[in-house]
Each structure stands twice: as C-alpha cells, then as structure tokens.
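The primary structure of each chain is shown beneath.
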Amino acid sequence: EDQVTQSPEALRLQEGESSSLNCSYTVSGLRGLFWYRQDPGKGPEFLFTLYSAGEEKEKERLKATLTKKESFLHITAPKPEDSATYLCAVQAGGSYIPTFGRGTSLIVHP
Amino acid sequence: DVKVTQSSRYLVKRTGEKVFLECVQDMDHENMFWYRQDPGLGLRLIYFSYDVKMKEKGDIPEGYSVSREKKERFSLILESASTNQTSMYLCASSLTTGNEKLFFGSGTQLSVL
C-alpha cells in the first residue's frame, strides 16, 4: 500500500505555462516531506524539506507548499531546463527512513 | 558540496556472477543507503547503514548483501546475479539520523544477461 502518491505520472507543458505537481501522503506523525529533482541518467538532487502544514519554500521558479495531507510543487513560467522527474519523499513516525513516491515526469516544450 | 561517487556508470554481467557495486562519500556522513530504481516502481530501499559495520534491511533485501568496513564506503553485493536484478542502482548518504536530506550518487545501470 502506497504511503506516498504522486500525480500526475507525467506532465507536458509549454514554456511559460504554470502548473502544479501533487504529492499526497497517508502517514501519521510526519517528520518531514522532501522534494527532489532527477535528470535523466543522474541521481536525484535535493530541492526542499517541509516540516509542518502551512510551510512554504521557494527556489527560482519552484515553490513547495505543505498541508496535513499533501504537498504541491508549483512551477511558475517553466522553461525547458525545468524538464526532469520530480520525486517526493516522506519521513514519518519512528522511522528515519524516507519513503519515496514514484515521481512525476515533467517535460516543458519550448 | 557532498560528493557521492559510484564506481561504475554502466555494468553488464552474466547470470550467476557475483557483482560488487561500490559507493564512496567524502563528507563524513553517518548514514548510507542503497536503492534500486525501476520504471513505474520508483525508488525502493535495499539496505541502509547507520554506522561502520552496521546494516539494516530495507524493503527489498532478498538477493543482496552489503558491507560497510569504513565510514566512507558502502558496498552492495549481488551474490548470484539474476536477470530480475537488472536495474538502476543508486547510492545515497545523509549526515546523521534525523537529518534525512539525502545526497545521491549518479547511479549504476546494471544489466544482467
């Protein structure tokens, strides 16, 4: 049973077309929610950590938000170089091991 | 920046061979992890280690073992490679327990024929 579900699986956008990626989780005692970016043929690269509902983090065109049930990664006016797979992971309860979602593959067309 | 180095980017092995995947981190991190990544299945944890000579099973340890003789090095061993172990293998490290921001290597794409 998935504890972390990402949607959509794939997303195609035109350059400049803003959108959001979703990460919903069904865990108790959230300790942290992580967003990573993964380029083809490379390992994931850390973007953000969110700890509590209402928290927001921003980096360039990306903004991550957190509620009690889900997180959104908002992409404002994306560029082709934002094309990548975005992974969400949660750390919860007594475990310090993050559980990953299956990712959203984003393609931004020029 | 932390650097996590995996010894091979691509590896081709035969069924039944013993395979060693090596990972080295250069920032004195306590924790090290091995994941495999398959299309549609995401990242799945094989083994992790909180300290030298300590190891814990992850979600899919069957067919794998690990070794951590030095703090900076974490090895994944496939005792007898099988075709269903064809996958992308990712090593990661984190500073301490409770600080699970992970730093990943570039991955090893293993093909077992």
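This text follows the structure it describes.
Residues numbered from 1 in each chain as written. Chains lettered and ligands numbered in written order. Predicted model: local features only at pLDDT ≥ 70, side-chain atom pairs only at ≥ 80, totals over all residues. Heavy atoms only, no water.

(A) Summary view of the overall build of chain A. Across its full length, chain A carries zero helices and 11 strands. Secondary structure elements in chain A, listed N-terminal to C-terminal, are β-β-β-β-β-β-β-β-β-β-β. Relative to the 2.2 N^0.38 estimate, which gives 13 Å for 110 residues, the radius of gyration of chain A is 13 Å and therefore close to what a compact globule would have. Along the first, second and third principal axes, the C-alpha set of chain A runs to 45 × 30 × 20 Å. Per-residue burial over chain A gives 44% buried out of 110 residues. Here the analysis covers contacts within chain A between residues at least 6 apart in sequence; of these, 55% occur between residues at least 24 apart. Total accessible area computed for chain A in this model is approximately 5500 Å², and 47% of it derives from carbon and sulfur atoms. (Helix = DSSP H or I, 4+ residues; strand = E, 2+ residues; numbered from the N terminus. Rg over C-alpha atoms; globule rule 2.2 N^0.38 Å. Buried < 20%, exposed > 50% of the residue type's maximum accessible area, 1.4 Å probe, protein only. Contact = heavy atoms within 4.5 Å. Areas by Shrake-Rupley, 256 points an atom, 1.4 Å probe, with all protein chains shown as cover.)

(B) Region of the structure containing the interface of chain A and chain B. Each side of the interface is counted separately: chain A has 15 residues, and chain B has 20 residues. When chain A packs against chain B, close to 1500 Å² is buried across both sides, 64% of that on carbon and sulfur atoms. For the chain A face of the interface with chain B, the top three residues by lost area are Y96(A), I97(A) and F100(A), together amounting to 33%. Where chain A meets chain B, there are zero salt bridges. Put simply, chain A and chain B have four residue pairs in polar contact (both at pLDDT 80 or more) between them. Elements with a contribution of two residues or more to the side of chain A that touches chain B: β4 (30-38) and β9 (84-92) of chain A. Of the residues in the side of chain A that touches chain B, the class split is nine nonpolar, four polar and two charged. (Buried area = accessible area lost by both parts, 1.4 Å probe. Salt bridge = Lys/Arg side-chain N within 4 Å of Asp/Glu carboxyl O. Polar contact = N/O pair within 3.5 Å; in protein donor to acceptor, adjacent residues only side chain to side chain. Nonpolar A, V, L, I, M, F, W, Y, C, P; charged D, E, K, R; others polar.)

(C) Quick look at the sheet that holds strand β6 (residues 56-59) of chain A. Residues and elements named next belong to chain A. Spatial strand order, β1-β3-β8-β7-β6: five strands in an open sheet with antiparallel pairing. Either end of the sheet is taken by a strand with one partner, and the two such strands are β1 (4-7) and β6. Each adjacent strand pair in this sheet contributes to an overall mean axis angle of 15°, direction not counted. Of the strand pairs in this sheet, strand β7 (residues 62-66) and strand β8 (residues 70-75) are connected by five bridges, and their pairing is antiparallel. (Pairing = 2+ DSSP bridges. Axes fitted to C-alpha atoms, helices over the stretch in contact; angles between N-to-C directions.)

(D) Inspection of the nonpolar core at higher detail. Residues and elements named next belong to chain A. Of all hydrophobic cores here, the largest spans 22 residues; its most connected members are L33, W35, L73 and Y86. Of all the elements in the fold, those that place two or more residues in this core are β2 (10-14), β3 (19-25), β4, β5 (45-50), β7, β8, β9 and β11 (104-109). Among the elements that take part in this core, β9 stands out by supplying four residues, more than any other. Discounting chain neighbours no more than four positions away, the residues touching L73 are S19, S20, L21, W35, F48, L62, K63, A64 and Y86. (Core = buried A, V, L, I, M, F, W, Y, C linked by side-chain atoms within 4.5 Å.)

(E) Focus on the sheet that holds strand β1 (residues 4-6) of chain B. Residue and element names in this part refer to chain B. Judged by pairing direction, the sheet is antiparallel, and its four strands sit side by side in the order β1-β3-β8-β7 without closing on themselves. Lying at the two open borders of the sheet, with one neighbouring strand each, are β1 and β7 (64-70). Ignoring which end each strand starts from, the neighbouring axes of this sheet average 20° apart. Here β7 pairs with strand β8 (residues 73-78) via five bridges, running antiparallel. Along β8, the bridge assignment pairs S65 with I77.

(F) Up close: the state of the cysteines. The full count for this structure, using the stated rule, is two disulfides over all chains. Across the disulfide, C23(A) is cross-linked to C88(A) (sulfur-sulfur distance 1.9 Å). Taking the sign of the S-S torsion, -60° for the link of C23(A) and C88(A), the bridge is left-handed. Placement of C23(A) in strand β3 and of C88(A) in strand β9 is noted, with a sequence separation of 65 residues between them. For C88(A), a relative accessible area of 0% corresponds to the buried category. A sulfur-sulfur distance of 1.9 Å marks the disulfide that ties C23(B) to C91(B). Every disulfide takes its handedness from the sign of the S-S torsion; for C23(B) and C91(B) that torsion is -75°, giving left-handed. Of the two residues, C23(B) is situated in strand β3 (residues 19-25) and C91(B) in strand β9 (residues 87-94); the sequence distance between them amounts to 68 residues. Of the two residues examined, C23(B) and C91(B), each falls in the buried class. (Disulfide = S-S within 2.5 Å.)

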